[in-house]
Amino acid sequence: TVIPEGPAALYDQWIRREFVEYNTALEEAYFAAGRELVTGRRDLEEIKEALAREGAELIGRLAGDGSVPADPEERYELLGRVGFYLAALRRHEVEAPDPSAGVLSQVLGTSLGVAPRYVFAHQSLYNRAVRDAYPTFTSLPDEHVFVTYNGLGVLAYQRAAAALAPIPALGVSSPLATYLLEGARAALDDVLAFNRALSGELDPGRFFLNIRPYFKPYRVGGVEYRGVNAGDFSGINEIDLLLGLCDARDPFYQRVLAEKRPYVPPEDQGRLSRAVMIPSLLDAFLAEMDAGPLPPRLRRNAELFLAVCRSHGAAYTFHHHRLVKPFLETPAQNAEGEVTSSGPPLEAVIAMLDRLSDLRSARRRPGLTSASASLDRLRRALDS
Ligand code: HEM
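Residues numbered from 1 in each chain as written. Predicted model: local features only at pLDDT ≥ 70, side-chain atom pairs only at ≥ 80, totals over all residues. Heavy atoms only, no water.

Caption draft 1: Representation of the pattern of salt bridges in the model. According to the stated counting rule, one finds 23 salt bridges in the structure shown. When the shortest N-O distance is used, the salt bridge between glutamate 182 and arginine 300 registers 3.1 Å. With glutamate 182 in helix α9 (residues 175-201) and arginine 300 in helix α15 (residues 296-333), this pair connects stretches of sequence that are 118 residues apart. One salt bridge connects aspartate 376 with arginine 379, and the closest N-O pair in it is separated by 2.6 Å. A residue pair is termed a helical-turn pair when its members lie 3 or 4 positions apart in one helix, as aspartate 376 and arginine 379 do in helix α17 (residues 372-383) at 3 residues. Overall, the relative accessible area of 35% leaves arginine 379 in the partly exposed class. Residues participating in the shared-partner salt-bridge network are Asp12, Arg16 and Arg81. (Salt bridge = Lys/Arg side-chain N within 4 Å of Asp/Glu carboxyl O. Helix = DSSP H or I, 4+ residues; strand = E, 2+ residues; numbered from the N terminus. Buried < 20%, exposed > 50% of the residue type's maximum accessible area, 1.4 Å probe, protein only.)

Structure representation (structure tokens):
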């Protein structure tokens, strides 16, 4: 084994060991008390104090010489690592003993053009596993289940987006598009399967009391940055726009894109920008349909396209009704204080997710312009 040295290695070691032990001990005590947070108990306050102090010391040494890694990927990884510490302080409602973690986060965030906090990308794609363990806040099995399935969902969305991306240039009647549409459908079916597995394995009480609180908003340099969710990637939006289920000219959808931009990893920022410029596959199918009767390959691809849309709608509707509602909305009704992972009140978040769910499943609803009428036209052409 290589013995790690230097401030970065020491901090990494601490994050993987003592940090996890402290958080886990606190979570077990909160859970036993049936509360999201317990304050005023001496033994627990000592753990919180050790966590805050040791983390500050190690980050202070890390930031001491003022240099940050030259490699942007390493810088992004470090932003997440420091963010773990700040998110844990926020979760236990303790103050950092000094500003070094916040200052380092600001430098890293600014240098990369992202929000100076940890986001879900840090927990999934930029979270190196060593000897069977990727860094987590606690050693609770529910955190592992939650992060792993969310991460798998992210990868499956990315796979679907990557499959759809070459189709505009190939043309929707290309035989290569058949293969790509089949791939996109399989990937979106995987998203649904991961969501289902998560809903079966995650304990709602544990999630609500011990896991979700690490995803809260926190302040850096006096500014509050909203909390973490697995949607902070461009993949799902690339899929929405490429399929034509969401419209970049819709002011609601524009707000969704603008809001998430600082929270997606650097490589996804360009993807979000490009996604709004690409004409949709739905429009391409409608144009082919208007040009005359559908030849066999086009017909096959249009059927597959409709299946991809159904899979996208099904996976997201499941997220809304079987993850957000039972794991967040229902327990929140019996809890005190603020409960979303983002900034706005829970009702506003649910309303936003409701609307996205209706768009992704092309529902007909008063006040909603969805793709339902265009999809019906395509279906009628296939039936004729
Ligand atoms: C967004 C909750 C699991 C994908 C959100 C939001 C909430 C939420 C509340 C809105 C963000 C906000 O607060 O503003 C949950 C809960 C989960 C869960 C409670 C499980 C217990 C997953 C999984 C995936 C996923 C497994 C799969 C990748 C997304 C996406 C969005 C999102 C894509 C962004 C919506 C958008 O921008 O279109 N989630 N989520 N979530 N989540 Fe989940």
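Caption draft 2: Layout of a negative patch on the surface. A surface patch of negative charge is lined by Asp71, Glu73, Glu74 and Glu267. Checked against the element boundaries, glutamate 267 lands in helix α13 (residues 266-275). (Patch = residues over 30% accessible without salt bridge, like charges linked within 9 Å, V, L, I, M, F, W, Y side chains within 5 Å. Areas by Shrake-Rupley, 256 points an atom, 1.4 Å probe, with all protein chains shown as cover. Lys, Arg positive; Asp, Glu negative; His and termini not counted. Charge placed at Lys NZ, Arg CZ, Asp CG, Glu CD.)

Caption draft 3: Seen up close, the coordination of the iron atom of the ligand. For the iron atom of the ligand, the protein contributes exactly one donor atom, His319 (NE2), at 2.1 Å. With respect to the element layout, histidine 319 can be found in helix α15. (Donors = N, O, S within 2.8 Å, 3.2 Å for Na, K, Ca; no water.)

Caption draft 4: Region of interest: helix α10 (residues 204-211). The buried fraction of α10 amounts to 6 of the 8 residues, a majority that puts the element mostly inside the structure. Arg206, Phe207, Phe208, Leu209, Asn210 and Ile211 are the residues of α10 that are buried. As for α10, its buried residues are in contact with α2 (18-33), α4 (72-92), α7 (141-164) and α15. One side-chain oxygen of the residue at the start of α10 lies 3.1 Å from the amide nitrogen of glycine 205, identifying that residue as aspartate 203. (Contact = heavy atoms within 4.5 Å. Polar contact = N/O pair within 3.5 Å; in protein donor to acceptor, adjacent residues only side chain to side chain.)

Caption draft 5: Layout of the nonpolar core. The biggest cluster of nonpolar side chains holds 119 residues, and the ones touching the most others in it are Tyr85, Leu164, Leu243, Leu281, Phe305, Leu375 and Leu378. Ignoring sequence-local partners within four residues, the contact set of leucine 164 consists of Leu181, Ala184, Ile239, Leu242, Leu243 and Leu281. Core analysis: the second largest hydrophobic core is formed by 6 residues, Ala29, Tyr30, Leu37 and Leu44 among them. (Core = buried A, V, L, I, M, F, W, Y, C linked by side-chain atoms within 4.5 Å.)

Caption draft 6: Representation of the packing of α7 against α9 within the structure. Here α7 crosses α9 at 165°, and the two axes come no closer than 8 Å. Here α9 runs roughly antiparallel to α7, going by the angle between their axes. As for how α7 packs across α9, the hand of that crossing is left-handed. Counted by class, the contact of α7 with α9 contains 19 nonpolar, 3 polar and 4 charged residues. (Axes fitted to C-alpha atoms, helices over the stretch in contact; angles between N-to-C directions. Parallel < 35°, antiparallel > 145°, perpendicular 65-115°, else oblique. Left-handed = near helix turned anticlockwise from the far one by under 90°. Nonpolar A, V, L, I, M, F, W, Y, C, P; charged D, E, K, R; others polar.)

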